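Residue-level structure breakdown
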Amino acid sequence: MSVTAPPARFTADPGATLSPHSYLDVAYEDKLALWEEVKADDRFADYLYGCYECGICVAACPSAKFYDFSPRKIAQAAAREDVELIYEQMNDDVWNCSQCFSCNRCPRENSPGGLITLLREVAVRNGLGTAKEALEGYGRVVYKIMTTGTQISPDMLQPDAFPDWGPDVEKTSDNLELWRRALPPETLHTTEMSWQVSNETLIELYLIWLHSDVMDMIAEADEGLHMIILDVMEETLEDAGYEV
Amino acid sequence: MPSDRVVVIGAGPAGLEAARLAAELGSPVTLVEKMGVAGGMPVHSDYAALTHHFRSASDAMGEMVGAVTSNELIEMRVGTEVTSVEGELGDFAVTLTSDGAEESISAGAIILATGFKHFDPGRETQQYQYYELPDVITIAEAEKMLKDENFVTPSTGKPPERVAFIQCVGSRDRQIGNEYCSKVCCGISSKQAIEIREMVPDARVFIFYIDMRMYGYWENEIYWPAQEQHKVNYVKGIITEILPKNGRLVVRGEDTTMGRPMEVPMDMVILAVGMEPSAGTTAMSGILNLPTNKYGFVETAHDILDTVTTTVPGIFATGAATGPADLDDSISSAGAAAAKAVALLRSVAVPV
């Protein structure tokens, strides 16, 4: 009796993963290298222990309610080191997570959300096309966070951009400054940022982003955005006497 | 003064069995019980039927208490606490306190059988809003309702149409600190599910679980009958939260087999709470100088070949004082503790 070779899709599986191959144009070794990069992160050991498959993370997850997304499957794929499945998730599932960390209720103290943070970082750092695509719409949010230290700012409240914010959004955005000044805390009398961030804090943030690989990741995801942000940062830092 | 007396602390199933067997082997025994009545958790928590034979708990405990009270070698001291212990193997001085009166007795060996307490889901984390929602109860409370043969939704007094069990509450949870399995809750929940289906035939009963741990014969005597004869629904996926909605409870979880989140209405939710060391186990391990593990259960000195010998010569521990135990475990280890205690006393040839 002769042994018939299995279909190509299931052969040459050096990692003996449980999942069939997908993304056939990407070599297994390249997928493996990405996974090794995730595992090499210092945070990894705190984010994954074992998994009961109890589903508490899925039930707690707001994204799982609306998308075909499961933090349990993220943890399971990682626990099994299923390189093929992890690569699929890195190109798709991880961008369905809102990073709210409700999944941290895990009875084994896993953090599927934390794993996703690492998977996303590796995806961005390595310039995966899907990561660039996923982040395309977030240029303005990233710009706000990176330059002002706050996220959504009041002047982003525009009826055309956020129709789901209700019928009063136009009225509010027309008189934005007035509305903001009506708020009791003075630190909220802002329109270009969510609240007043001190110069010292901004400088600290800029230095952290420059000295960690955050700016490199931005460059990998969006070169133009990287240049604009760097300009703003350099100006502030040079005014404060830092050489960039 | 040297003594061949065995003092057994705690008159639950393990203590009763240890006392009975030590006496049957010829040793005089003092059985000390803090509560006013012997029988331990099955009696004080009003257990209905025992897992897995469905035998009435009060009948079974009545038989155990009867075997002890009818034995002339055993002196039972209820409403009494052990407040200090001094001395060593063959010559312990045990102080008993009852109604403020102290008395010292001599003992050659001591058997600790102070058991467990049910995990309190409201403790620290307000799990599942247990303190707030009247229709969220524990398996301990369900036992009493089943014993009274009046199984109703607490808030309405009417028989429930839909009942959910949630497994592993307070067990297998690193965040709570109890990483161990409490061993009995899967069996008890399944047993209760059968009883509920018999008592309220129109009720649908769901068991939400991580793993069903149906050891040995529990598998064929409870688990499959629950599914095949009593149509209990087992769903692999634990409940994350319970929300009150339109006078009912909505349980949120993941149906992991189907791979999707679920929100299901229920009339009652029964939390399968696990075991923690009882107050007596905590107090006595201190008084007897017995090391405890990180969960507070008494650590026995040896490996799996000796489950009852402690690090202190002449002191043995049995039942759920040493960790989660079902009734079979408790009775078996009680017998071992009694036999080892009596054998040790004879081997050191204590003069009587």
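Residues numbered from 1 in each chain as written. Chains lettered and ligands numbered in written order. Predicted model: local features only at pLDDT ≥ 70, side-chain atom pairs only at ≥ 80, totals over all residues. Heavy atoms only, no water.

1. Remarks on the packing of helix H13 (residues 214–221) of chain A against helix H14 (residues 223–239) of chain A
Rules: Axis lines are fitted to C-alpha atoms, over the contacting stretch for helices. Their N-to-C directions set the angle, which ranges from 0 to 180 degrees. Per the convention used, a helix needs a DSSP run of H or I reaching at least four residues, while a strand needs a run of E reaching at least two, with both numbered from the N terminus. Note on contacts: a residue pair qualifies if any of its non-hydrogen atoms lie within 4.5 Å across the two residues.
Relative to each other, H13(A) and H14(A) sit at 140°, their axes nearing to 6 Å. Contacts between H13(A) and H14(A) involve Met215(A), Ile218(A), Ala219(A) and Ala221(A) on the former and, on the latter, Glu223(A), Leu225(A), His226(A), Ile229(A), Leu230(A) and Met233(A).

2. Structural notes on the nonpolar core
Quick note on the threshold: Nine residue types can take part in a nonpolar core, namely buried Ala, Val, Leu, Ile, Met, Phe, Trp, Tyr and Cys, and a core is a set of them joined through side-chain atoms within 4.5 Å. Exposed residues in this analysis have more than 50% of their type's maximum accessible area, buried residues have under 20%, and partly exposed residues fall in between, with area computed by a 1.4 Å probe over protein chains only.
The biggest cluster of nonpolar side chains holds 98 residues, and the ones touching the most others in it are Phe151(B), Ile242(B) and Val269(B). Among the elements that make up this core, the one with the highest residue count is helix H1 (residues 13–24) of chain B (seven residues). Each residue touching Val269(B), except ones within four places of it in the same chain, is listed here: Asp135(B), Val136(B), Ile137(B), Ala164(B), Ile166(B), Ile242(B), Leu249(B) and Val251(B). Grouped together as the second largest cluster of nonpolar side chains are 35 residues, Phe44(A), Leu48(A), Cys61(A) and Phe69(A) included.

3. Focus on the side chain of Thr114(B)
Residue and element names in this part refer to chain B. Keep this limit in mind: Any pair of nitrogen or oxygen atoms within 3.5 Å is treated as a polar contact; in protein, a donor-acceptor pairing is required on top of that, and neighbouring residues in sequence qualify only through side-chain atoms on both sides.
Note on placement: threonine 114 falls in the loop between strand S7 (109–112) and strand S8 (116–118). A distance of 2.9 Å separates the side chain of threonine 114 from the side chain of threonine 281, its partner in a polar contact. With residues near it in sequence (within four places) discarded, threonine 114 still touches Ile9, Ser278, Gly280, Thr281, Met284 and Ala321.

4. Details of the packing of aromatic side chains
The line we're drawing: A pair of Phe, Tyr and Trp rings is counted when the ring centres sit within 6.5 Å of each other, with Trp represented by its six-membered ring. The angle between the planes then sorts it: under 30 degrees is stacked, over 60 is edge-to-face, the rest tilted. Cation placement over rings: the criterion is NZ of Lys or CZ of Arg within 6 Å of the ring centroid and within 35° of the ring normal.
One pass over the full model with this rule turns up eleven aromatic pairs over all chains. When the centroid spacing of 4.9 Å and the interplanar angle of 65° are considered together, the rings of Tyr223(B) and Trp224(B) count as edge-to-face. With relative accessibility at 12%, the residue Tyr223(B) sits in the buried group. Residue Trp224(B) is classed as partly exposed on the basis of its relative accessible area, which comes to 34%. An aromatic cluster is present here, built from Tyr209(B), Tyr223(B), Trp224(B) and Tyr234(B) joined pairwise through their rings. Looking at Arg174(B), its charged tip hangs above the ring of Tyr49(A), at a distance of 4.4 Å from the centre.

5. Regarding the interface of chain B and chain A
Let me state the cut-off plainly: Reported buried area values correspond to the accessible surface (1.4 Å probe) lost by two parts on association, with both partners' losses combined. Salt-bridge detection follows one rule: a side-chain nitrogen of Lys or Arg within 4 Å of a carboxyl oxygen of Asp or Glu. Gly is put with the polar residues, along with every residue not named as nonpolar or charged; the nonpolar set is Ala, Val, Leu, Ile, Met, Phe, Trp, Tyr, Cys and Pro, and the charged set is Asp, Glu, Lys and Arg.
The interface of chain B with chain A comprises 20 residues on the first partner and 19 residues on the second. Here chain B and chain A share an interface that buries about 1700 Å² over both sides, 47% of which is from carbon and sulfur atoms. Counting the contacts that link chain B with chain A gives three salt bridges. Close ionic contact of Glu254(B) with Arg72(A) constitutes a salt bridge, the shortest N to O distance being 2.7 Å. Contributing elements (two or more residues each) for the side of chain B that touches chain A: strand S13 (239–245), strand S14 (248–255) and strand S15 (260–266) of chain B. Counting residues per element, the side of chain B that touches chain A draws most heavily on S14(B), at three residues. Looking at side-chain class alone, the side of chain B that touches chain A contains five nonpolar, seven polar and eight charged residues.

6. Concerning the domain arrangement of chain A
All names here are of chain A. Just so we agree on the cut-off: Boundaries of every domain are those given by an automatic assignment or by a domain database.
Split by domain assignment, chain A resolves into domain 1 (20–126) and domain 2 (137–239). If you average the C-alpha positions of domain 1 and of domain 2, the two centres end up 29 Å apart. Listed per partner, the contact involves four residues of domain 1 and four residues of domain 2. Considering only the side of domain 1, the residues that lose the most area to domain 2 are Glu121, Val124 and Arg125, jointly responsible for 94% of the buried surface there. In this structure, the connection of domain 1 to domain 2 is made through one salt bridge. Residue aspartate 213 pairs with arginine 125 through a salt bridge whose shortest N-O separation is 2.8 Å. Here the side of domain 1 that touches domain 2 is composed, by residue class, of one nonpolar, one polar and two charged.

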